[in-house]
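Below, each chain spelled out in residue letters.
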Amino acid sequence: MGLFDKFIRTRSADNNILTLSALLGGVGKITPEQAMAVPAFASCVDFVSNTVASLPVRLYRNEADGSTAEITKDKRLRFLNNETGDLLDGFQLKKAMTADYLKYGNTYVYVKRRFNEVAGLYYVDTRHINVNINADPIIKVPDIRVNGTPYHEWDFIIATRQTRNGVTGIGLIEENQDVLATAYNTLFFENKLVRTNGNKRGFLTTDSKLDEPALTKLKKAWKDLYGTGDENLIILNNGLKFQEASSTSVEMQLNEIKQSNNDDICKLFGIPKTVLNGGGNENDYLNAIKIAVMPILSAFQRAFDKVLLLEEEKDSLFFEFDTSELTKGDLMKRSQAYVLAVKNGWMTVD
């Protein structure tokens, strides 16, 4: 009597529940779509991108006395904050830029020009951009193509993360494959458990050999039982007995694994997990802004200055996100501390 005749698995190969080894190696290189299927990763991307997108961009001029003056009437502000000229509005443009920056490490916005004036900003999905850099490690010259059409680097607002050449970067997905693959496979594993309706895994044993028709019928019955259909009963005859398999460590510790995965993903962004759970205090929120949002704002501001300003404007004008609403609480605390220090003589008004 062969081993296959003695023990019959409760599931066919394509319906088999992932074991721990399969869980860890179930996905090779995780894709952006798979990463965004992980709730913690998607929540962090949404938190950062929505925060950046909600901030208006201002234009300032450096005055001779060292002060700055805001410029309110400039077409470039309308393109950045309201109507871009593209199908995306200003909020959607900045949100898409931020999401690409985080996921892929690059973001590209085509600048339509009419002579020296900006006439529109057009978001380009980074997956349609092909960049090649020359072999010279000092004088770097990029070859940028969109669907085969060549462009210059000054045709785009380009912001990059972890870059070494200024036009391509490394995103969080590429940089953290193992963490995200583990989180995705845990989600996939949990989905498998739900699809099997919580039925216990196990083995069928028999002392007699089953003929081919009986074996085929039995396989179909078990597939229906552990599938998502309505079948929840199977009749065992011909001396068949069910032997329950013990739960794996993955099944018993699934909640702990998920929590650990979520914590690791939040650390990738620099966002305290309490902020996403809705239980964070003001300090948690401000830390998330400073660590996860401010560096991106700085990168975007420099990208705006580089491409949207004329050469003769770059010494006097600069773009900046208005973050006053984000740091209002922090500013209020500093002001109150200063007033208290002056009142008690610890500091002077000067």
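Scroll up to find the structure this text is about.
What counts, and where the lines are drawn
Residues numbered from 1 in each chain as written. Predicted model: local features only at pLDDT ≥ 70, side-chain atom pairs only at ≥ 80, totals over all residues. Heavy atoms only, no water. Helix = DSSP H or I, 4+ residues; strand = E, 2+ residues; numbered from the N terminus. Buried < 20%, exposed > 50% of the residue type's maximum accessible area, 1.4 Å probe, protein only. Polar contact = N/O pair within 3.5 Å; in protein donor to acceptor, adjacent residues only side chain to side chain. Contact = heavy atoms within 4.5 Å. Core = buried A, V, L, I, M, F, W, Y, C linked by side-chain atoms within 4.5 Å. Salt bridge = Lys/Arg side-chain N within 4 Å of Asp/Glu carboxyl O.

What follows deals with the side chain of T186. Mapped onto the fold, T186 is located in helix α8 (residues 177-195). Classification of T186 as buried rests on a relative accessible area of 2%. There is a polar contact of 2.7 Å between the side chain of T186 and the backbone oxygen of T182.

Right, let's talk about the environment of F318 for a bit. Tracing the backbone through its elements, the reader meets F318 in strand β12 (residues 317-321). Taking the C-alpha atoms as reference, F318 lies 8.3 Å from F304; in sequence the two are 14 residues apart. Contact partners of F318, with chain neighbours within four places excluded, come to R58, L59, Y60, N62, T68, D305 and L309.

A few words now on the nonpolar core. By size, the foremost hydrophobic cluster in this structure holds 54 residues, and its most contacted members are F41, V48, L121, I157, F269 and F304. Judged by nonpolar contacts, the second largest core, of nine residues, contains I129, I144, V146 and I158.

This part takes up the pattern of salt bridges. Enumeration according to the criterion identifies 15 salt bridges in this entry. For the salt bridge of D263 with K273, the shortest nitrogen-to-oxygen distance reads 3.5 Å. In this pair, D263 sits in helix α11 (residues 254-269) while K273 sits in helix α12 (residues 273-277), placing the two residues 10 residues apart along the sequence. Since its relative accessible area comes to 40%, K273 is described here as partly exposed. We note a salt bridge from K314 to E311, for which the minimum N-O separation is 3.0 Å. On the accessibility criterion, K314 (32% relative accessible area) is partly exposed. Look at the salt bridges and you will find they share partners, linking E33, D125 and R127 into a network.

Treat this as a map of the structure, not an account of what it does.
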